2 protein chains.
Amino acid sequence: MTAYRAPLRDIAFVLNEVLEVSTLDIPGYDALDPETTAAIHAEAAKLAETVLAPLNATGDVEGCRLENGVVRTPQGFAQAYGLLAEGGWIALDCDTAHGGTGMPYLLNCTTGEMFVAANMALNMYQGLTHGAISALQSHADAALQARFLPDMVAGRWTGTMNLTEPHCGTDLGLIRTRAEPEADGSYRITGRKIWISGGEHDLSENIIHLVLARLPDAPEGTRGLSLFVVPKLLEGGARNGVACIGLERKMGIHGAATCEMEYAGAKGWLVGAPHAGLKAMFTMMNEARLGVGLQGYAVASRAHQAAVAFARERRQGRAVTGAAEPEAAADPIIVHPDVRRELMDQRAFVGGARAFAFWGATLIDRAHRAGDAEAEALISLLTPVIKAFLTDRGFAACVSAQQVAGGAGYIKGAAFEQFTRDVRIAMVYEGTNGIQALDLVGRKLGRDGGAAVRGFLAEVQGVIEASPPELEDCAGALRAATGDLQGALEFLMERGVADAEAALCGADDILRLMGHVCLGLMWLRMAQAAARGSEPFHKAKLVTARHYLLRTLPATTLHLARLRTGGTTVMALEAEAF
Amino acid sequence: MTAYRAPLRDIAFVLNEVLEVSTLDIPGYDALDPETTAAIHAEAAKLAETVLAPLNATGDVEGCRLENGVVRTPQGFAQAYGLLAEGGWIALDCDTAHGGTGMPYLLNCTTGEMFVAANMALNMYQGLTHGAISALQSHADAALQARFLPDMVAGRWTGTMNLTEPHCGTDLGLIRTRAEPEADGSYRITGRKIWISGGEHDLSENIIHLVLARLPDAPEGTRGLSLFVVPKLLEGGARNGVACIGLERKMGIHGAATCEMEYAGAKGWLVGAPHAGLKAMFTMMNEARLGVGLQGYAVASRAHQAAVAFARERRQGRAVTGAAEPEAAADPIIVHPDVRRELMDQRAFVGGARAFAFWGATLIDRAHRAGDAEAEALISLLTPVIKAFLTDRGFAACVSAQQVAGGAGYIKGAAFEQFTRDVRIAMVYEGTNGIQALDLVGRKLGRDGGAAVRGFLAEVQGVIEASPPELEDCAGALRAATGDLQGALEFLMERGVADAEAALCGADDILRLMGHVCLGLMWLRMAQAAARGSEPFHKAKLVTARHYLLRTLPATTLHLARLRTGGTTVMALEAEAF
């Protein structure tokens, strides 16, 4: 198996030459000069390449074991997690008040890409802890923050999110877990939660669970959910009434413990206002979903590296233009056009997705650090696209990398098939990709009379207009794709108001159409930046930009055509006729 | 997990109402009246549903074990294989001279769909045996046939195909296995073969290996390969010099033993002429590749069934048009447009693919049984499309079925994820899908001055013209898609002659474009047949036809647009720049 090499040059290109982050008017971004970020990224890369990546296959083979209520993670995971905590990587963007480094969220993403690519399963413990920290930072009172955050930020304690129950995942209004108030101001939590990542394990001294439950007087549905913090161990080290009663056996991410949790009158404390639990969870939604989109392209990035290495080494057949290496028995398969097509498609996706995710992270920073409402509206619009499009295409890129490797792509131990199995979950959790499309069409596009999407279109228009004449082919491709997006929005406005069902039949097409326009936008920006450079690296970026813009982007026309069929064939069959 | 239900009504519809097989002028087809085929299919369905399908999960969990050179298949596999043999299912279309039933190859496909859907891994032993029987029937002399075929046809002995070696899969010209002539007319075979499905197991009394190897005076490359038959046990029961020295650990099809084989001077006999081994293998290529395409949609068919069952049972949220079942806490998710879109896409693929595969089987029968050269040319043209398009889209349909099931789709034991892992191999073996595209563009399209593709276009034209006015929307969609195909062929003729590399950069797009036209053709034929019917079943077929023709088929425009970019971006990057 090829060793993972963190794509430091590509990450630096997006930060310094495309987004020019140190020039952005966002508090804290002035510290993001190329030297500083390069130093941070070099450290993260070292940890990812030498510690996390070698454990990826181990984690898959060993998986997690549940023994008498204790979960054993794969060999090496605990030590590696300790190094992540020690290096301050869990707390990179956490409040300095609680021991965090206070860096922009953006760096959580740039370093997160490397950690995920190196070992997605291990990174999940880190990601869930980060989410729990964010929730407590935003919604817990000072006393709860003081009690839990320092140890979590330091990495001694980890965190979890408890939403799903056996009978409900997407539809959280059906949650049944109860919270009974106690005289001392605490609550007794009782119920069963499933799909709890990191619900139990041996990586940390304590596990802090955030749990959605219902107070006795709660109204029905999602407006009756409250958020509670429930530690595994109480002060003094006594065991709380929460236990892992089962581990899911999954297609992939075997190193991540996916737990069934039993809350049997566990002691917990209310986070935020009563009945405002879902809203509290949703304030972290953009970050959480961007994090999942990042998983999609990060794993694909590593799969692509492995596919390139394989295509250079494996020799079969001859180049159609004549033997490339006549002295050898056969040419390396990278000479074959169809292999090259797979590699270029992967490369164009990964490069575009990285820029898209990092741009999204700057919008989150702008919203949170500068209190910019427009940035908040824009990232809320783009979040479902980042989550669904990057995981959907990331999975496809991993399947494509497998395909380059032929039979070796199907064999255990060569890693290709593990990437496919691992990344598959990203299309499902944190809201299935279908739910993302529903969120985009049902909530985000129409919000504030479509202000956010108009802002997005203006942004695209600005980038197209700023394009130099030598990139007219690229700008023209994005112009055409944007025309398709406008056509889709017009169709929605005309039809969607009268027929919500027809609009939702096209939700997936709109999301994909928009995803392509977003990656097209990023590639045009990258092409503009690359045109200013003179290295072979820049030339390669230009080629890849044209590959995406000229070859992949025309997919928008197909999605518009599909959208325009309305729901006629999608909903025409009675449910009983299936 | 949902029990498998063989889609008998759908299979009968294609045979009796669409292809009208009993009226076709092909020797043996007069026996294929609806009653006879229904009786045969009912028997096959019973075996598939009650014996094979329940073993599918067992096979995945247990896998195969190699112990002291003996391979143990999963519990129940040996008994199930015995029932397949006993029922005559292995020999359905084999020559009656050797104990076969002599039925058309078509029935091997219609029953094969059910056997594959029920248990793809177990079916592979049957499929490989069938392939070995076909090779011996076509190329071995009478003595070898008499010696091996009766026991193989009876199912007491199984067969294998030995092509791949560690350093070569696609590029068989690199094969190194040697064959040394002995005084008694036999040969000593020495070499190592990998990826040998069913190379060793406990399902049969003997295993008959077909092996590609080089004679001492063989020319280099593929023209120096000869075919040998090498039994595991020699006459009298003595062990031959061939052994399984390893089992591959794979992403899926765990119940199928994928063996590394060591030939250490094993005794074998030449099949056919010296140096004509690859040609001998290739005479069965169309059947073998159609069989793999069939795997693609058969597994998808079962995954679709499971997704429908899940979508009917799982309750989350409410229909956008108002609660469908107000008395329940939530509606079944089949009410949601995006779930319905996934189900309709799966359904439209599976139905179209089934008709395409069965039509292909009638062409093979017409070629073999009626000696029809035009049918032979047409099926040779369509074979790479059947293999690659049906496995590629079949995999996508399994991924889509997983998506309907949300978290349950990612869990072991719920079967969804097994379908995805199992069917993934079909995109790789029997020539990767990239090789299929190369075969289509490099060999098949241009053969005999393009006669076959002209014949295909005439066939499509005829079906369009025979369409009644009420199906004009359907016919129009196929007309437009066919226009795209003609545009692609013109582009190839103009550019491909001068620039083979550019042509091959578009090979994948042409194959997909053609795949869509083929499924569009089948759906227009099915729509015409359904329009003549009056059952709810026929109404549902019409809806599904429109779903494919109006919503999916416009993909041809995208593939044409991509093709027209030529190889400019695909090959623009130096191999070193990746």
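As a convention, each chain's residues are numbered from 1 in the sequence order in which they are written. Chain letters and ligand numbers both follow the written order, the letters beginning at A and the numbers at 1. For this predicted model, a pLDDT threshold of at least 70 governs which residues receive local features, and a threshold of 80 or more governs which side-chain atom pairs are given and counted, while totals over whole chains, interfaces and linings are taken from all residues. The side-chain quantities take in all heavy atoms of the structure and omit both hydrogens and water.

Looking at the overall build of chain A
Helix and strand assignments come from DSSP, with helices taken as H or I runs of at least 4 residues and strands as E runs of at least 2, each series counted from the N terminus. Across its full length, chain A holds 19 helices and 9 strands. Principal axes of the C-alpha set define a box for chain A whose edges measure 80 × 60 × 60 Å. Burial statistics for chain A: of 578 residues in total, 63% are counted as buried. The contact rule is simple, with two residues in contact once any of their heavy atoms fall within 4.5 Å. In chain A, of all internal contacts separated by at least 6 residues, the share reaching a separation of at least 24 is 75%. Carbon and sulfur atoms form 52% of the exposed surface of chain A, whose accessible area is close to 19600 Å². Here chain A contributes 52 positive and 65 negative side-chain charges, whose respective centroids are spaced 4 Å apart. The classification of residues rests on relative accessible area computed with a 1.4 Å probe and restricted to protein chains. Under 20% of the type maximum is buried, over 50% is exposed, and intermediate values are partly exposed. The protein chains shown are the only cover counted for residues, whose accessible areas, like all others here, come from Shrake-Rupley with a 1.4 Å probe. When charges are counted, Lys and Arg are positive and Asp and Glu negative, with His and the chain ends excluded. To locate a charge, the coordinates of NZ of Lys, CZ of Arg, CG of Asp or CD of Glu are taken.

Some details on empty space enclosed by the protein
Residue and element names in this part refer to chain A. Here a cavity means grid points, on a 1 Å grid over the protein atoms only, where a 1.4 Å probe fits yet cannot get out; a pocket means an open set of points with protein on both sides within 12 Å along at least five of seven lines; lining residues are those with an atom within 4 Å of a point. Grid points are joined across faces, edges and corners, and a volume is the space filled by probe spheres set on the points. Applying the stated rule across the entire model yields 5 cavities of 30 Å³ or more. Of the pockets and cavities examined, the largest cavity occupies roughly 40 Å³. Ala377, Ser380, Leu381, Lys444, Arg447, Asp448 and Ala452 together form the lining of the largest cavity. Ranked by the residues each element gives to the lining of the largest cavity, the list is headed by helix α11 (residues 373-404), at 3 residues. Following the grouping adopted for this structure description, the nonpolar residues are Ala, Val, Leu, Ile, Met, Phe, Trp, Tyr, Cys and Pro, the charged ones are Asp, Glu, Lys and Arg, and the polar ones are all others, Gly among them. Grouping the constituent residues of the lining of the largest cavity by class yields 3 nonpolar, 1 polar and 3 charged.

Some points on the packing of helix α2 (residues 34-52) of chain A against helix α5 (residues 105-118) of chain A
Residue and element names in this part refer to chain A. Lines fitted to C-alpha atoms define the axes, with helix axes restricted to the stretch in contact, and inter-axis angles between N-to-C directions lie between 0 and 180 degrees. As a packed pair, α2 and α5 sit with axes 9 Å apart at the nearest point and diverge in direction by 20°. Taken together, the axes of α2 and α5 are roughly parallel relative to one another. As α2 runs across α5, the sense of the crossing is right-handed. Facing α2, whose interface residues are Thr37, Ile40, His41, Ala44, Ala45, Leu47, Ala48 and Leu52, α5 presents Leu107, Thr110, Thr111, Met114, Phe115 and Ala118. Reported orientations rely on four angle classes, namely roughly parallel under 35 degrees, roughly antiparallel over 145, roughly perpendicular from 65 to 115, and oblique for the rest. Take the far helix as your reference; a near helix turned counterclockwise from it by less than a right angle gives a left-handed crossing, and one turned clockwise gives a right-handed crossing.

Focus on unusual backbone geometry
Comment: phi is negative for the bulk of residues other than glycine, and the bulk of peptide bonds are trans. All names here are of chain A. Although it is not a glycine, tryptophan 195 sits at a positive phi angle of roughly 65°. Note that tryptophan 195 resides in strand β5 (residues 187-197). Residue classification places tryptophan 195 among the partly exposed residues on the basis of a relative accessible area of 21%.

As for the environment of Leu550(A)
Tracing the backbone shows Leu550(A) in helix α18 (residues 536-552). Residue Leu550(A) is classed as partly exposed on the basis of its relative accessible area of 27%. In this structure, the C-alpha to C-alpha distance between Leu550(A) and Thr258(A), residues 292 residues apart in sequence, is 42 Å. Beyond its immediate chain neighbours, meaning those up to four positions away, Leu550(A) contacts Asp473(A), Ala477(A) and Thr565(B).

Here we look at the pattern of salt bridges
Counted as salt bridges are all cases of a side-chain nitrogen of Lys or Arg within 4 Å of a carboxyl oxygen of Asp or Glu. Using the criterion set out here, one finds 68 salt bridges over all chains in the structure. One continuous salt-bridge network, built from bridges that share partners, spans Asp338(A), Arg341(A), Glu342(A), Asp345(A), Asp392(B), Arg393(B), Asp508(B) and Arg512(B).

Remarks on the relation of the copies chain A and chain B
Screw-axis analysis of chain A against chain B gives a translation of 0.0 Å along the axis, an RMSD of 0.0 Å, and a rotation angle of 180°. On this basis, the relationship between the two copies can be described by a two-fold rotation axis. Among all residues of chain A, the one whose C-alpha sits closest to the rotation axis is Leu558(A), at a distance of 3.3 Å. Here 100% of the contact residues of chain A are again contact residues in chain B; the copies associate through an equivalent surface. The least-squares superposition of copies is restricted to C-alpha atoms, and to residues with a pLDDT of at least 70 in both copies.

A look at the state of the cysteines
All names here are of chain B. The term disulfide is used for any two cysteine sulfur atoms that are within 2.5 Å. Under the defined criterion, the tally for this structure stands at 0 disulfides over all chains. We note that cysteine 109 lacks a disulfide partner, and the nearest cysteine sulfur, in cysteine 94, lies 13 Å from it. Residue classification places cysteine 109 among the buried residues on the basis of a relative accessible area of 2%. The cysteine cysteine 244 is free of any disulfide, with cysteine 259 supplying the nearest cysteine sulfur at 3.8 Å. Exposure remark for cysteine 244: the relative accessible area of 4% places this residue in the buried category.

What to know about the domain arrangement of chain A
All names here are of chain A. Each assigned domain of chain A is listed with its residue range as follows: domain 1 (8-64 + 73-139 + 149-153), domain 2 (157-275) and domain 3 (432-570). Each of domain 1 and domain 2 was reduced to a C-alpha centroid, and the two centroids are 26 Å apart. The partner domain 2 presents 21 residues to the 23 residues of domain 1 that form the contact. For the interface between domain 1 and domain 2, the tally reads 0 salt bridges. Here a polar contact means two N or O atoms within 3.5 Å. Within protein one must be a hydrogen donor candidate and the other an acceptor candidate, and residues neighboring in sequence count only if both atoms are side-chain atoms. The interface formed by domain 1 and domain 2 includes 8 residue pairs in polar contact (both at pLDDT 80 or more). Those elements that provide at least two residues to the side of domain 1 that touches domain 2 are α3 (55-62), α4 (77-86), α6 (120-139) and α7 (142-153). Here the side of domain 1 that touches domain 2 gets 12 residues from one element, more than from any other, and that element is α6. Note that domain bounds follow an automatic or database assignment of domains.

Observations regarding the environment of Thr362(A)
Residues and elements named next belong to chain A. By the element assignment, threonine 362 lies in helix α10 (residues 337-369). For threonine 362, a relative accessible area of 5% gives the class buried. Note: C-alpha distance between threonine 362 and cysteine 109 (253 residues apart in sequence) is 10.0 Å. Ignoring anything within four residues of it in the chain, the contact list for threonine 362 reads Leu19, Val21, Leu24, Ile26, Tyr29 and Leu106. A distance of 2.6 Å separates a polar atom in the side chain of threonine 362 from the backbone oxygen of tryptophan 359.

Quick look at the nonpolar core
Across soluble globular proteins, you tend to see nonpolar side chains buried next to one another. Put simply, buried Ala, Val, Leu, Ile, Met, Phe, Trp, Tyr and Cys residues joined by side-chain atoms within 4.5 Å make one nonpolar core. Counting 418 residues, the largest nonpolar core has Phe456(A) and Phe456(B) as its most contacted members. Among all residues touching Phe456(A), those that are not within four sequence positions of it are Trp359(A), Leu378(A), Leu381(A), Leu382(A), Leu485(A), Met514(A), Val517(A), Cys518(A) and Leu521(A).

Points about the confidence of the model for chain A
Confidence scores here are pLDDT values: one per residue, from the predictor, ranging 0 to 100. Chain-level pLDDT for chain A is 96 on average; 100% of the residues reach the 70-or-more range. Note on the complex model: pTM 0.98, ipTM 0.97.

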